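For reference, the chains in residue letters:
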Amino acid sequence: MSTVSIGTLQHHSLRENPQYSPKSKAFKPCSLNCSPQTKFFFHSRRFCNFRAPKHSHVVVKAASAAETAVVQTFESAELFFKETFPLKRTETVEGKIFVRLDQVKNSQIWQLTVGCNLPGKWILHWGVSYVGDVGSEWDQPPTEMRPPGSIPIKDYAIETPMKKSSSSGGDGFYEAKIDLSPNSAIAAINFVLKDDETGAWYQHRGRDFKVPLVDYVQDDAPDSNIAGAKRGFSIWSGAFGPLSSLILRGEASTTTGPDNSTNSRDPKQESRSLERFYDEQPIAKQVSVDNSVTVSVRKCPETAKNHLHVETDLPGDVVIHWGVCLDGAKKWEIPAAPYPPETIAFKDKALRTRLQPKDGGDGCWGSFTVEEGLEGFLFVLKLNENTWLNCMGNDFYIPLSSSSLSARSTQSLSGGTQIPEKDSKENQEGSISKYTSGIIKEIRNLVGDISSEKSQKTKSKEAQESILQEIEKLAAEAYSIFRSSIPTFTEEAVVEAEKQISPVKICSGTGTGFEILCQGFNWESHKSGRWYMEIKEKAAELSSIGFTVIWLPPPTESISPEGYMPRDLYNLNSRYGNIDQLKEVVKKFHEVGIKVLGDAVLNHRCAHYKNQNGVWNIYGGRLNWDDRAVVADDPHFQGRGNKSSGDNFHAAPNIDHSQEFVRKDLKEWLCWLREEIGYDGWRLDFVRGFWGGYVKDYIDATEPSFAVGEYWDSLSYTYGEMDHNQDAHRQRIIDWINATNGTAGAFDVTTKGILHAALERCEYWRLSDSKGKPPGVVGWWPSRAVTFIENHDTGSTQGHWRFPGGKEMQGYAYILTHPGTPTVFHDHIFSHYRPEIEALISIRNRNKIHCRSTIKITKAERDVYAAIIDEKVAVKIGPGHYEPPSGQQKWSSAYEGKDYKVWESS
Amino acid sequence: MEVSVIGSSQVKTELAYRELGFCNLKGGKAVISSKNRVCVGRSTGWRKSGIRFTLRATAAIQSEQLRSDSVSGRSTRSKSRDNVRLFVGLPLDTISDCNAVNHARAIAAGLKALKLLGVEGVELPVWWGIVEKEAMGKYEWSGYLALAEMVQNAGLKLHVSLCFHASKQHKLSLPEWVSRIGESEPSIFFTDRAGRQYKECLSLAVDDLPVLDGKTPVQVYREFCESFKSSFSSFMGSTITGISMGLGPDGELRYPSHQRLVKSNKITGPGEFQCYDKNMLSILKHHAEATGNPLWGLGGPHDASTYNESPNSNNFFRDHGGSWESPYADFFLSWYSNQLISHGERLLSLASSTFSETAITVYGKVPLMHSWYKTRSHPSELTAGYYNTTTRDGYEAVTEMFASNSCKLMLPGMDLSDEHQPHESLSSPELLLAQIRTACRKHGVEVSGQNSSATGAPGGFEQIKKNLVGDNVVDLFSYQRMGAYFFSPEHFPSFTKFVRSLNQSELHSDDLPEEKEEAADSLRVSSDSVVCMQEA
């Protein structure tokens, strides 16, 4: 079951950098990067080459704020170098979230207002609990409660964009209001906030916010996450989201809430004793701020000295930490005196000078005179104790000699050394090897200390502890790297690696490479009670269309008829048919040469029995697990396992895959399915819920011939403009595939999302990313991308995220001609689209397009997108005009439909 | 985030309660003051690491004289009976197809963690299919050299496993040119009764046949070893202390008798005899004719069970009245196991002669075919090439062969305990291990240990410990294997605990003798020189 689940999402970003850990307060130590803007770069080049004449006019700007003697010097000097570097940094902005429950004047209606006073694309992601609900699931609120502009997310949540409010007064509040009818059966409203700009989620103490409307709500009082209690906020960004969005704030400040405990405890009471309350909690968000620094260098012809002028619009006190270098090695040295005022030497390698504030305005400047014959001037800027600014990870380097200047233009801005003198606290950026060899050095010192002192015993104890801590740190580091990327993923690396694999080699991540999937059911398929028999009848037909793999619905006994709430995994009698029919249908598909994927729901499993607290977490059947098999971080199922290694799915106990016995049992079960039923591979449900490394385990144990995981989280596309760049989204999917070690592919949700935007809004330019490649997963790791345009969740009768109506064939023209492994949805094959889909599949097969086919995007404009695949097939989608280039290749039209056309090279 | 997970209270408490002796000066002092008396009593891992450190530094920086001193120091120590040298295996894919170091950062961090933990060194699988990938005699060592340097810089030792096999599971293959030959000449691979080839290593029947573009596999292996020796000459004896010679499937001296086992099966079947490739059959035929029973040379036992069948389902392995006790079976099984021993002899003598002038020890790995050990016929061992039944000791001849080549014997499965074996498999890893060790003792072969590569056998650490202490003398233990699981919070804390428990009984610091000053000085001098080396 695919859900965009919200709730106690544990942030599991592996890329996360320790320095953003929630320990520190408002300002994080960070090193900020800037990159020279190209246009300025050109400027400076021109200056260099032309050796600007004396009394250059260009000077004026640079010196405008500094009309002192320096200018005089400048006037007589030759402008040798000038460049402006942008400085990007993030700053923490503090604000608050407030929750207000109030009665609308002169009416029975109550209104819940959630607001936030920080700028951003705020979205309220919410659901309700009804009176009598036991679990932690959210439910969809009744439609009359939904504010205009709300979008349902699956069947349990609503997303309501928060609007800029005038009513709440003051400086730009964003708020959403929910009307509450007093006699509905709603027990509580649950919500989290999402900033669509950054993808960060804002939670309450690691849990959802909960506003109780009747007071009996959830008896786990001392620990409950009821808004109004004095708690802090924790905030997490969407998995693998931008680092900058990860902040944690301390305790909440003001609380002016009602005391619910005095109220009557009858949950069913009709007249509620709702009380007004108002509660606010501080939050912090990181926003990026752009500044710049301009450096100009002049040579004084009389004294042969170099005059540097550094000017920046950074606010506040800025200290420049600088030095010079004598040769190309960029080794920091201290130049000869004199130094500007307010300069101190730092260790013996650099100088620190406070920059002078500009007269009347933000920013500051400094000017430095250094000898001739130096190779360059190095600096970094220090904004406050913890914020350093450098140039794309390196020191700023200003060439002082003409040879270094010319060298500089060929030498890319990379390279350069670590800032040498930062002490260990400041130098958070130090490379790992440095860091760890530092440790070894320290240990040696400890050894030395111990030996020189007689008080050996206590010392060595301390040494032991610190060493063990270092071991832990190192192990954690090794763990996270091993875990996250095996091997390190880069786009190029994969492209290269893919080339080495011959296309016929079968591996579970790709099958043969020529697979075409059919999703063999929809959301209603369980209704007849004999789906297996029905789809069996279609086997030959599907085979003749050209499908090589069929994905059948989840086979296990399930609480929900569709099969996604499995209970007894070994009971394969489902609403789709019984086990014998299942075997029969699998056999039939094998006969017609189609492989069969079983839909394996591994993330969660419904319990058979309640524990002593009345919580459903005890299992029966052959896998009679107890609550140790349930993750610990969903309080509503009181699991005793470890914390979840992924996101939680709230409707059922999430299985703790870190438990050996669970994995062992699941492997055994999967192997049993392979042997007993004859499944060839897996479609893995809700793999966001647990670590991909476990998936690798399962796949290694079962050696399927194809496996695909459903890693579905939301693109930031629903409100307003969808970002052209969806790299973060596809990276999350790639990261998952990586965690499985490439043993499974993943549905290319990114491509579907981008197709939505492109087709719906006629913005076909979206179909090419900044590097001219397909913008979805298929652009980065085509062999593992399983492309689709619709499934039982997004379409069918659920329609959670339906493909733009009437444009499905454009979608198929895209995925069936492109690399990746395309999936066709049942409902589309058995519709009027069938002839078109058949034609496209036969073009794909005829031209032997496979998951690693090469693609060249030849057009990506407002109303038309076109690409050439393997130099054999050309395709265009969109209403605009396109003809494949008439060069040596001759193109003949192969198929044509509404707003799309396919050509074959002849 | 991960840091906080690992730094869990579990580890910390442990920290507070158990006192370690690492960084203990005693060890350092011992080395400096009397170089040949390296191991005094049972030193901790920490202390050991100090020792190694110093040794290497002095050896490298001062003179040849010192180097040989350090070597002899090492061998003295390795003979000391009360210390297990712990190695940790590096990931199988440490070096990629393209000779790059995979996850180098993780390995760098991992090496340092191991060093701090007091681990002696790491084991590195060196794959034939990577080094000699493209063409015969075209070796590409760069990746492995880079790694050896990393290991050296981390102050660890290196045990190299030369892998002349492939691993489908880990996507490691034989050299491309060998696979190509195999396509046109499939008889270079082991073959079972049904004609299925095992393509992860060459059949022992071709050892001395010129099947590889005119050269015999033994020649090719020898040249590989020579190339290894010369390429790593600067590491030999200093960083590299031992070599495991690849002897067959998974590097073990055995037939791939379990090539078709279905993994999901709880019970490991008896496996099948692998004597059906063209060359094996012809050797068998000659042998049968020579012994006057030409009819016995037509194939393996016709009544043996198949891979996953219970051994009792057919006549051959049946406990009572099974044909394994017949004269024919004795003929066949003797031949089958002797072929294996001769193969081991060929490769181990090759290795020990190649590396004889270096100061490194050669190891060979013998499998622990423990399922069905409690039956009378020991079918798993029989199919793997060990003619070991209740009535015949099949390991004597093997250990004798090791002894004659002065090789040490590596035994896997030291983490397996009887109680965790499925009852129905009639398996007994513990008894088998004891049998092999007895044979080793008898022939003076030193035993080294490994855990089974399956991650986390239940109660594994306790079992390993049991196998390493007391009367069980083990030269080194190679723990399998570094990777994500190894460093995971589920595993690493217990590994740490294990390492430290191995070195439990160190002296309290109060019990240490005086005379610290001189030692401290020399230690500092030598560690300074290490600093220079590392930073150079």
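The shown structure was predicted, so the numbers you read here are calculated from the model rather than taken from an experiment.

A. The arrangement of the overall build of chain A in detail. Each helix and strand in chain A was counted, giving 18 helices and 38 strands. Here chain A, with 906 residues, has 59% of them falling under the buried criterion. A separation threshold of at least 6 residues defines the contact pool for chain A, and within that pool the share at least 24 residues apart is 68%. Total accessible area computed for chain A in this model is approximately 35200 Å², and 51% of it derives from carbon and sulfur atoms.

B. Here's a closer look at the overall build of chain B. Looking only at helices and strands, one finds 19 helices and ten strands in chain B. Within chain B, the proportion of its 536 residues that are buried is 60%. Considering only contacts within chain B whose residues lie at least 6 apart along the sequence, 77% involve residues at least 24 apart. As displayed, chain B offers around 19900 Å² of accessible surface, 52% of which is attributable to carbon and sulfur atoms.

C. Looking closely at the packing of aromatic side chains. Counting across every chain of the model gives 62 aromatic pairs over all chains. When the ring of Tyr139 of chain B is compared with that of Trp141 of chain B, the centres are 6.3 Å apart and the planes differ by 20°; the resulting orientation is stacked. Ring centres of Phe273 of chain B and Phe316 of chain B lie 5.9 Å apart, and the angle between their planes is 90°; on these two criteria the pair is classed as edge-to-face. Here the residue Phe273 of chain B occupies a position in the loop between β6 (240-245) and α11 (278-290), and Phe316 of chain B occupies one in the loop between α11 and α12 (327-354), the gap between them amounting to 43 residues. Here the two residues Phe273 of chain B and Phe316 of chain B agree in accessibility, since each one is buried. Grouping aromatic residues by their ring pairs yields a cluster made of Trp128, Tyr139, Trp141, Phe164, Trp177, Tyr221, Phe224, Phe228, Phe232, Phe235 and Phe355 of chain B. Seen from the ring of Tyr570 of chain A, Arg622 of chain A lies directly overhead, with NZ or CZ sitting 4.0 Å from the centre. Over the ring of Phe661 of chain A we find Arg628 of chain A, and its NZ or CZ is 5.3 Å from the ring centre.

D. Representation of the nonpolar core. Within the largest apolar cluster, 251 residues are counted, with the highest numbers of intra-cluster contacts made by Trp128, Leu162, Met245 and Phe495 of chain B. The element contributing the most residues to this core is α12 of chain B, with 13 residues. When near neighbours in sequence (up to four residues on either side) are disregarded, Met245 of chain B contacts Leu162, Phe164, Tyr221, Cys225, Gly251, Leu347, Leu348, Leu350, Ala351, Tyr363 and Gly364 of chain B. Grouped together as the second largest cluster of nonpolar side chains are 30 residues, Leu112, Ile158, Leu193 and Phe277 of chain A included.

E. The arrangement of the sheet that holds strand β2 (residues 121-127) of chain B in detail. All names here are of chain B. Around the barrel, eight strands lie side by side as β1-β2-β3-β6-β7-β8-β9-β10; this closed barrel has parallel pairing. The sheet shows a mean angle of 30° between the axes of neighbouring strands, direction not considered. By the bridge criterion, three bridges tie strand β1 (residues 85-89) to β2 in an arrangement that is parallel. Bridge pairing in β2 places Phe87 opposite Gly121. Each of β2 and β3 (157-163) touches helix α8 (residues 142-153); the most contacted strand, β2, lies at about 180° to it.

F. Spotlight on helix α18 (residues 492-502) of chain B. For α18 of chain B, a buried count of nine out of eleven residues is recorded, marking the element as mostly surrounded by other parts of the structure. Looking at α18 of chain B, one finds that the buried residues are Phe492, Pro493, Phe495, Thr496, Phe498, Val499, Arg500, Ser501 and Leu502 of chain B.

G. Inspection of the side chain of Asn306 of chain A at higher detail. By secondary structure assignment, the location of Asn306 of chain A is in strand β15 (residues 306-312). When sequence neighbours within four positions are dropped, the list of residues in contact with Asn306 of chain A reads Val297, Arg298, Lys299, Phe368, Thr369, Val370, Glu371, Glu372 and Leu400 of chain A.

H. Inspection of the pattern of salt bridges at higher detail. Residues and elements named next belong to chain A. For the structure on display, the rule yields 47 salt bridges over all chains. Across the salt bridge formed by Asp626 and Arg628, the nearest N and O atoms sit 3.2 Å from each other. Asp626 sits in the partly exposed class, given a relative accessible area of 24%. The partner of Glu763 in a salt bridge is Arg766, with the nearest N and O atoms 2.6 Å apart. Accessibility assignment for this pair places Glu763 and Arg766 in one class, buried.

I. Main features of helix α14 (residues 749-760) of chain A. All names here are of chain A. Between its first and last C-alpha, α14 extends 16 Å over twelve residues, near the 16 Å set by a 1.5 Å rise per residue. Judged by how many residues are buried, α14 sits mostly within the fold: eleven of twelve residues are covered. The complete set of buried residues in α14 reads Val749, Thr750, Thr751, Lys752, Gly753, Ile754, Leu755, His756, Ala757, Ala758 and Leu759. At its buried positions, α14 is contacted by α13 (727-739), β31 (745-747), α15 (777-780), α16 (808-817) and β36 (873-877). Looking one or two residues past α14, Cys762 carries a phi angle of roughly 55°, positive in sign.

J. Up close: the confidence of the model for chain A. Chain-level statistics for chain A give a pLDDT mean of 73 and a share of 71% at 70 or above. Counting contacts from residues 446-456 of chain A, a segment whose pLDDT is below 50, to residues more than four positions away or on other chains yields 21 contacts.

K. Quick peek at unusual backbone geometry. Following Gln480 of chain B, the chain continues to Arg481 of chain B via a peptide bond in cis, the omega torsion being 10°. On the secondary structure map, Arg481 of chain B appears in the loop between β10 (476-479) and α17 (484-487). The residue Cys762 of chain A is not glycine, and still its phi comes out positive at about 55°. Take Cys762 of chain A: it is sitting in the loop between α14 and α15.

L. Geometry of the packing of helix α11 (residues 660-677) of chain A against helix α12 (residues 692-702) of chain A. All names here are of chain A. Packing of α11 against α12 leaves a shortest axis separation of 9 Å and a crossing angle of 40°. Between α11 and α12, the angle falls in the class oblique. Where α11 crosses over α12, the two elements pack in a sense that is right-handed. The segment α11 lies against α12, with Arg663, Leu666, Lys667, Leu670, Cys671 and Arg674 engaging Tyr694, Asp697, Tyr698, Ala701 and Thr702. Looking at side-chain class alone, the contact of α11 with α12 contains six nonpolar, one polar and four charged residues.

M. Local environment of the pairing of strand β9 (residues 447-450) of chain B. All names here are of chain B. Burial of β9 is two-sided: the residues Val447 and Gly449 facing one way and the residues Ser448 and Gln450 facing the other way are all buried. Bridge count between strand β8 (residues 408-411) and β9: three bridges; the pairing is parallel. Its bridge partner being in β9, Leu411 is matched across the sheet by Gly449. Handedness of the β8-helix α15 (residues 429-443)-β9 crossover: right-handed. For β9 and β10, the ladder comprises two bridges, and the chain directions are parallel. If you follow Gln450 over to β10, its bridge partner there is Ser478.

N. Region of the structure containing the sheet that holds strand β34 (residues 855-860) of chain A. Residues and elements named next belong to chain A. One open sheet accounts for five strands, arranged β34-β35-β36-β38-β37; its pairing is antiparallel. The outermost strands of the open sheet, each flanked by one partner alone, are β34 and β37 (891-897). Between one strand and the next, the sheet's axes are offset by a mean angle of 20°, whatever the strand orientation. In the sheet, β36 pairs with strand β38 (residues 900-905) via five bridges, with the strands oriented antiparallel. Residue pairing for β38: Ile877 is matched across the bridge by Tyr900. Across the sheet, α16 lies against β35 (865-869), β36 and β38, angled at about 155° from β36, the strand it touches most. Helix α18 (residues 834-846) contacts β36, β37 and β38 of the sheet and is inclined by roughly 150° relative to β37.

O. The arrangement of the packing of α11 of chain B against α12 of chain B in detail. All names here are of chain B. At their nearest, the axes of α11 and α12 sit 11 Å apart, and the two run at 130° to each other. In terms of axis orientation, α11 runs oblique to α12. Pair α11 / α12 crosses with right-handed handedness. Seen from α11, the contacting residues are Met280, Ile283, Leu284, His287 and Ala288; seen from α12, they are Phe331, Phe332, Trp335 and Gln339. Taken together, the residues of the contact of α11 with α12 break down into seven nonpolar, two polar and no charged.

P. Structural view of the environment of Asp192 of chain B. Residue and element names in this part refer to chain B. Positionally, Asp192 belongs in the loop between β4 (189-191) and β5 (197-202). For Asp192, a relative accessible area of 0% translates into the label buried. For the pair Asp192 and Gly300, spaced 108 residues apart in the sequence, the C-alpha separation amounts to 9.5 Å. Within the structure, Asp192 has its side chain in polar contact with the backbone nitrogen of Ala194 (distance 3.0 Å).

Q. How the structure looks around the side chain of His826 of chain A. Residue and element names in this part refer to chain A. Of note, His826 is situated in helix α17 (residues 826-829). Given a relative accessible area of 7%, His826 falls into the buried group. At a separation of 3.4 Å, a polar atom in the side chain of His826 contacts the side chain of Lys538. Residue contacts for His826: discarding those within four places in its chain leaves Gln519, Gly520, Phe521, Asn522, Trp531, Ile535 and Lys538.

Criteria and thresholds
- Residues numbered from 1 in each chain as written.
- Chains lettered and ligands numbered in written order.
- Predicted model: local features only at pLDDT ≥ 70, side-chain atom pairs only at ≥ 80, totals over all residues.
- Heavy atoms only, no water.
- Helix = DSSP H or I, 4+ residues; strand = E, 2+ residues; numbered from the N terminus.
- Buried < 20%, exposed > 50% of the residue type's maximum accessible area, 1.4 Å probe, protein only.
- Contact = heavy atoms within 4.5 Å.
- Areas by Shrake-Rupley, 256 points an atom, 1.4 Å probe, with all protein chains shown as cover.
- Phe/Tyr/Trp six-rings, centres within 6.5 Å; stacked < 30°, edge-to-face > 60°.
- Lys NZ or Arg CZ within 6 Å of the ring centre and 35° of its normal.
- Core = buried A, V, L, I, M, F, W, Y, C linked by side-chain atoms within 4.5 Å.
- Pairing = 2+ DSSP bridges.
- Axes fitted to C-alpha atoms, helices over the stretch in contact; angles between N-to-C directions.
- Salt bridge = Lys/Arg side-chain N within 4 Å of Asp/Glu carboxyl O.
- Expected span 1.5 Å × (residues − 1).
- pLDDT = per-residue confidence, 0-100.
- Parallel < 35°, antiparallel > 145°, perpendicular 65-115°, else oblique.
- Left-handed = near helix turned anticlockwise from the far one by under 90°.
- Nonpolar A, V, L, I, M, F, W, Y, C, P; charged D, E, K, R; others polar.
- Right-handed = clockwise from strand over helix to strand, strands pointing away.
- Polar contact = N/O pair within 3.5 Å; in protein donor to acceptor, adjacent residues only side chain to side chain.

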